[in-house]
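Examination of the molecular architecture
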Amino acid sequence: MRIGILTSGGDCPGINATIRGVCKTAINHYGIEVMGIHSGFQGLLSKDVELLTEKSLSGLLNMGGTILGTSREKPFKKGGIVDGINKPALIEQNMRELGLDCLVCIGGNGTQKTAAKMTAMGLNVVSVPKTIDNDIWGTDFSFGFDSAVSIATDAIDRLHSTASSHKRVMVIEVMGHKAGWIALYSGMAGGGDVILIPEIPYSVHNISETIISRLKKGKLYSIVVVAEGIITDGKKHAAEYIAEEIERETGIETRETVLGYIQRGGSPTPFDRNLSTRMGGHATELIVNGQFGRMITLKGNEISSISLSEVAGKLKLVTEDDDLVVQGRRMGVSFG
Ligand code: F6P
């Protein structure tokens, strides 16, 4: 048996640990050959591949990024036909020519959609959810999220001392276009006073009231954590916009920080390494059992899987009844 593996979409900590989990299980336990496909679906279209060996899988557990490279190539976009090339048909042909019995797709929401479409074409695919955003439907957590939250929390911790010294409001922007998971988890873990996420509407007046009431209680500084995807004037970064609005409304000196790609780079946390290892190993097991068209999931502490047709096109968003939101509100955290 021979399988292919690719990584697609934005990189995140834990991809290499997942590649290692899939491939070591395949090679060591099941005697399956593994072809690494470079640059996501781009490499599947151009047959840019390499045979993965025990040697090429060494030293991956704690390594950030992806050894296979990634791209945001979406082969089904615009009906799949671009410049006269029928990309889905080319993928089918290349998988046959490369002798791939199944393709493992490691990726985020876009990748799950592509994997579902390949399954509908009759191709053998299994996938692993990967995103720092944690917004993939059907799984409690995707690997990469814990690492991003850990980096963002460290940044918030560091902002506390400078905010306190200068008696300022500090606004920090973290990633999350549609889902506010990183802002919620790092904001709560870092003791943020105001947390703004795309799922919960805010008003500058409410934010300012929280900051002023803290001031009246002798708390001379405040930390505001915002997700990049909150509604703004559409011209500025979320943090810049919110910082300006707060300063205008309260008169308190306010500064902003945009964390950016730092939260996606570098080594995965131990939690993400072990999640990646487990998800990778279980993905290989799905293949051996002939359970194609499925995405690996984590539910509670159990690894399972869900049909790709159920996942594709959905987003897992923060809801008002999320326990961290409920507990945060009770303790005086403002969600805007
Ligand atoms: O989906 C992961 C993510 O890091 C988002 O949080 C972020 O908004 C986006 O990717 C950035 O995309 P790009 O790498 O294309 O700039």
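What counts and what doesn't
- Along each chain, residues carry numbers from 1 onward, in the same order as the chain's sequence is written.
- The predicted origin of the model limits local features to residues at a pLDDT of at least 70 and limits the giving and counting of side-chain atom pairs to 80 or more, whereas totals for whole chains, interfaces and linings rest on all residues.
- Just so you know, side-chain values use all the structure's heavy atoms and leave hydrogens and water out.
- Here a residue is near a molecule or strand as soon as one of its heavy atoms is found within 4 Å of it.
- By the criterion applied in these results, polar contacts are pairs of N or O atoms within 3.5 Å in which, for protein atoms, one can donate a hydrogen and the other can accept it, and in which residues neighboring in sequence qualify only through two side-chain atoms.
- Residue burial considers only the protein chains on display, and all accessible areas are found by Shrake-Rupley using a 1.4 Å probe.
- With a 1 Å grid laid over protein atoms only, a set of points is called a cavity when a 1.4 Å probe fits there but cannot get out and a pocket when it is open yet has protein on both sides within 12 Å along at least five of seven lines; lining residues have an atom within 4 Å of a point.
- For a cavity or pocket, the test is whether more than half of a molecule's atoms lie within 2 Å of its grid points; if they do, the molecule sits there.
- Helix and strand assignments follow DSSP, with helices taken as H or I runs no shorter than four residues and strands as E runs no shorter than two, numbered in order from the N terminus.
- What counts as an axis is a line fitted to C-alpha atoms, over the stretch in contact for a helix, and the angles between N-to-C directions run from 0 to 180 degrees.
- Crossing handedness follows the turn of the near helix against the far one: under a right angle anticlockwise gives a left-handed crossing, and clockwise gives a right-handed one.
- Note on contacts: a residue pair is in contact if any heavy atoms of the two residues lie within 4.5 Å.
- Amino acids are sorted into nonpolar (Ala, Val, Leu, Ile, Met, Phe, Trp, Tyr, Cys and Pro), charged (Asp, Glu, Lys and Arg) and polar (every other residue, Gly among them).
- By the convention used here, strands pair only if DSSP detects at least 2 bridges between them.
- Residues with no salt bridge and a relative accessible area higher than 30% make up the patches, which join like charges within 9 Å and nonpolar side chains (Val, Leu, Ile, Met, Phe, Trp, Tyr) within 5 Å.
- Salt bridge, as applied in this entry: a Lys or Arg side-chain nitrogen positioned within 4 Å of an Asp or Glu carboxyl oxygen.
- Positive charges come from Lys and Arg alone, negative charges from Asp and Glu alone, with His and the N- and C-terminal ends not counted.
- Note on charges: their place is set at NZ of Lys, CZ of Arg, CG of Asp or CD of Glu.
- Throughout, exposure labels follow a simple rule: accessible area from a 1.4 Å probe, protein chains only, divided by the maximum for the residue type, with under 20% read as buried, over 50% as exposed, and the rest as partly exposed.
- In this entry, domain limits derive from an automatic or database-based domain assignment.
- Accessible area, probed at 1.4 Å, shrinks when two parts are joined; the buried area is that loss added up over both.

Focus: the site of the ligand
Every residue near the ligand is listed here: Arg72, Ile132, Asp133, Met175, Gly176, His177, Glu228, Tyr261 and Arg264. At 2.6 Å, a side-chain N or O of Asp133 approaches an oxygen atom of the ligand. Within the side chain of Arg264, a nitrogen or oxygen atom sits 2.9 Å from an oxygen atom of the ligand. For the ligand, the accessible surface in isolation is 400 Å², of which the surrounding protein chains cover 72%. One can see that the ligand is located within the largest pocket.

Focus on helix α11 (residues 323–330)
An α-helical segment advances 3.6 residues per turn. Residues three or four places apart therefore align on the same side. The backbone nitrogen of Leu324 has a side-chain oxygen 3.0 Å away, supplied by the residue at the start of α11, namely Asp322. Within two residues after α11, Gly332 carries a phi angle of roughly 100°, on the positive side.

Section: the packing of helix α7 (residues 204–216) against helix α8 (residues 238–250)
Running from N to C, α7 and α8 cross one another at 65°; their axes reach a closest spacing of 10 Å. The two elements α7 and α8 cross, and the hand of that crossing is right-handed. Seen from α7, the contacting residues are Val204, His205, Ile207, Ser208, Ile211 and Ile212; seen from α8, they are Glu245, Ile246, Glu249 and Thr250. In terms of residue class, the contact of α7 with α8 is made up of five nonpolar, three polar and two charged.

Observations concerning the sheet that holds strand β3 (residues 49–52)
Here we have seven strands laid out as an open sheet, ordered β3-β2-β1-β6-β7-β12-β13, and mixed in their pairing. Two strands bound the open sheet, and with one partner strand each, they are β3 and β13 (302–307). Going across the sheet, the axis of each strand differs from the next one's by a mean of 30°, ignoring polarity. As judged from the six bridges shared by strand β12 (residues 294–299) and β13, these two strands associate in the antiparallel manner.

Notes on a positive patch on the surface
Taken together, the side chains of Arg72, Lys74, Lys77, Lys78, Lys113, Lys117 and Lys178 make up a positively charged region of the molecular surface. For Lys77, the position within the fold is in the loop between β3 and β4 (81–82). Taking the relative accessible area as the measure of exposure, Lys77 reaches 53% and is therefore exposed.

Focus: the pattern of salt bridges
Going through the model one piece at a time under the given rule, you end up with 13 salt bridges. Salt-bridge contacts for Lys236 lead to Asp233; the nearest nitrogen and oxygen are separated by 3.0 Å. A relative accessible area of 30% places Asp233 in the partly exposed class. The partner of Glu245 in a salt bridge is Arg248, with the nearest N and O atoms 2.6 Å apart. Residue Glu245 and its partner Arg248 are both found in helix α8; the two are separated by three residues, about one turn of the helix. Judged by its relative accessible area of 57%, Arg248 falls in the exposed class.

As for the domain arrangement of the protein
Buried accessible area, meaning the area lost when the parts come together, often serves as the stated size of an interface. According to the domain assignment, the protein consists of domain 1 (2–144 + 268–311) and domain 2 (147–264). Centre-to-centre separation of domain 1 and domain 2, based on C-alpha positions: 35 Å. On the side of domain 2, 11 residues touch domain 1, which itself brings 14 residues to the contact. Counting each side, the surface lost to burial between domain 1 and domain 2 is near 930 Å², with a carbon and sulfur contribution of 54%. At the junction of domain 1 with domain 2, the criterion picks out one salt bridge.

Examining the sheet that holds strand β8 (residues 169–174)
The strand order β9-β10-β8-β11 describes an open sheet built from four strands, whose pairing is parallel. The sheet is open, and its two edges are formed by β9 (194–196) and β11 (254–258), each paired on a single side. Strand-to-strand twist across the sheet, computed as the mean angle between neighbouring axes with direction ignored, equals 15°. The pairing of β9 with strand β10 (residues 222–227) spans three bridges and is classified as parallel. Each residue of the ladder has a partner; that of Ile195, found in β10, is Val225. Strands β8, β9, β10 and β11 of the sheet are contacted by α8, whose axis makes an angle of about 170° with β11.

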